[in-house]
Structures are given as C-alpha cells and as structure tokens.
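The chain contents come next:
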Amino acid sequence: MRRILILLVMATAIVTGTRAQVKETFDSNSWQWTEYSTDLGKAYIIEGVMRLESKSDNNNTTLAEMVADVATHAFLPMDPANGFDIKCVATVEKFEGKKQFGIILDYLDDMNCLVFMIKGDCAYLYKMKEGHIVGQQRNQFKLQKGKKTTALDIEVKYIGGELEFRVNDVQALLCKYVPITSNGFGFFAFGKCKVDFDDVEILN
C-alpha cells in the first residue's frame, strides 16, 4: 500500500511538471521570448505579463514592418503537425482609432509567417512570404471599442489544416487549407497601442 501511495505521488509530480512546461505565465522568460526597445516601441516582460508598446501609427507602414517593429515571438514546445489548441489573454488600453495588435503563427522570421489581427469590423488572416502578402482571409467580427481597457480571451485551434480563431469564446475567423509547419508563435502591436499578453497555454 505504501509503495502504491509513493507511485501515485510521483505520478502526480510528473503530471504537474508536464503541465507547467506547456503554460507561459511570464513570471520568467522560460520560452525565450524576444525582448527589445527601439524608437518605434518596445516588447518586454514586466509584472508577470509580456507588454508591447507601439509608438508608431504611420499610414504607410507595411504588414512586414508591423511584425518586425513592435513584436515578440518564441518557439513553443509543440509539434504543429500534431495539431494544437493555444489560449492566451490580451488586455489592451483604449482599443480605438489606428490601434492594432495580433497574433503571429507559423513564424520562420519577420518576413515569413501568418498574421491574425482584428482591424475595423473584420478579423483577418494574412499569409506573408518574403515580406509580401501572398494570401488573405477575412470575416466580419466587431469588438467593443472605446473602453478604458479591453480584456480578451483568445484561442487558436489548428488540426488537419483547419485554423480557427476564437475571441471571448466567439468564432472570429475560420480558415481551411492552411498548412502550418513552424512552432514559431508571437504577438505584435501597432498604432500607439499598449497591450499586455499573459497565460499562453498549449492545451494539446
């Protein structure tokens, strides 16, 4: 009986340790997120969140520049070929005007990735290759704007080439035939925007 109890305690410790490896709370930089500061803004970990602060709202800024200017990314401990379900929390100050932020997927480098964002009254997915947009999908999706802070629960599901984005448990965008081969994942901000990201969790 004592041996069984010891085995149960060990198994619980192993499971708990495994769960800890698939959630980033930004109490430390365990997944090696990029952090930096430039004239256009900064990305840094502070008080248990990943904070992005953008100072630029130039109308001529390209998507590639948005992703490169104020963004952060990490290579997550997962194999995208097996499918995944990623959740995170975003809190943005005064989401209005030119302010934009979003999620970066299938990240190889700043010129090659997928970019999800909500702009105007639509949700968009852009496919970027060599710094150029080579694919785009959109769906009508409206966020309540003008509040002092806007808190969003974001979920990204991917299986069998089908990619779904949910915001506050509402489907924002569903895309089919989207191949994802990289475990590179990140966030970006644009338009004099400050947004905190937290609790990045890989569910499977």
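Residues numbered from 1 in each chain as written. Predicted model: local features only at pLDDT ≥ 70, side-chain atom pairs only at ≥ 80, totals over all residues. Heavy atoms only, no water.

## Here we look at the overall build of the protein
Counting secondary structure elements, the protein contains 2 helices and 15 strands. For the protein, buried positions account for 45% of its 204 residues. Considering only contacts within the protein whose residues lie at least 6 apart along the sequence, 63% involve residues at least 24 apart. For the protein, the exposed surface amounts to about 11000 Å²; the carbon and sulfur share of it is 50%. (Helix = DSSP H or I, 4+ residues; strand = E, 2+ residues; numbered from the N terminus. Buried < 20%, exposed > 50% of the residue type's maximum accessible area, 1.4 Å probe, protein only. Contact = heavy atoms within 4.5 Å. Areas by Shrake-Rupley, 256 points an atom, 1.4 Å probe, with all protein chains shown as cover.)

## Remarks on the sheet that holds strand β9 (residues 122-129)
Spatially, β5-β14-β7-β8-β9-β10 is the arrangement adopted by the 6 strands of the open sheet, whose pairing is antiparallel. Sheet topology places β5 (71-75) and β10 (132-140) at the edges, where each strand pairs with a single neighbour. On average, each strand axis in the sheet is inclined to that of its neighbour by 15°, with strand direction left out of account. Summarising the sheet, β5 and strand β14 (residues 184-190) pair through 5 bridges and their orientation is antiparallel. Bridged to F75 within β14 is G184. (Pairing = 2+ DSSP bridges. Axes fitted to C-alpha atoms, helices over the stretch in contact; angles between N-to-C directions.)

## Brief notes about the pairing of β10
With 8 bridges joining them, β9 and β10 adopt antiparallel strand pairing. Of the residues in β10, the one forming a bridge with K129 is H132.

## Observations regarding the side chain of D106
Here D106 shows up in strand β7 (residues 100-109). No salt bridge is formed by the buried D106, whose closest oppositely charged neighbour, K127, lies at an N-O distance of 6.8 Å. At 2.9 Å, the side chain of D106 forms a polar contact with the backbone nitrogen of T181. Leave out the neighbours within four places in its chain, and D106 touches N112, C113, L114, P179, I180, T181, S182 and G184. (Lys, Arg positive; Asp, Glu negative; His and termini not counted. Salt bridge = Lys/Arg side-chain N within 4 Å of Asp/Glu carboxyl O. Polar contact = N/O pair within 3.5 Å; in protein donor to acceptor, adjacent residues only side chain to side chain.)

## Brief notes about the packing of aromatic side chains
Enumeration over the complete set of coordinates arrives at 10 aromatic pairs. For the pair F26 and W33, a centre-to-centre distance of 5.4 Å together with 50° between the ring planes defines the contact as tilted. Here F26 falls in the buried class, since its relative accessible area comes to 1%. Seen in terms of ring centroids, Y124 and Y126 are 5.5 Å apart; in terms of plane orientation they differ by 5°. Their pairing is stacked. Like Y124, the residue Y126 is buried in the burial classification. Among the aromatic residues, those joined into a cluster by ring pairs are F26, W31, W33, F101, F185, F187 and F197. Its end group placed over the ring of Y124, K119 keeps NZ or CZ at 5.0 Å from the ring centre. (Phe/Tyr/Trp six-rings, centres within 6.5 Å; stacked < 30°, edge-to-face > 60°. Lys NZ or Arg CZ within 6 Å of the ring centre and 35° of its normal.)

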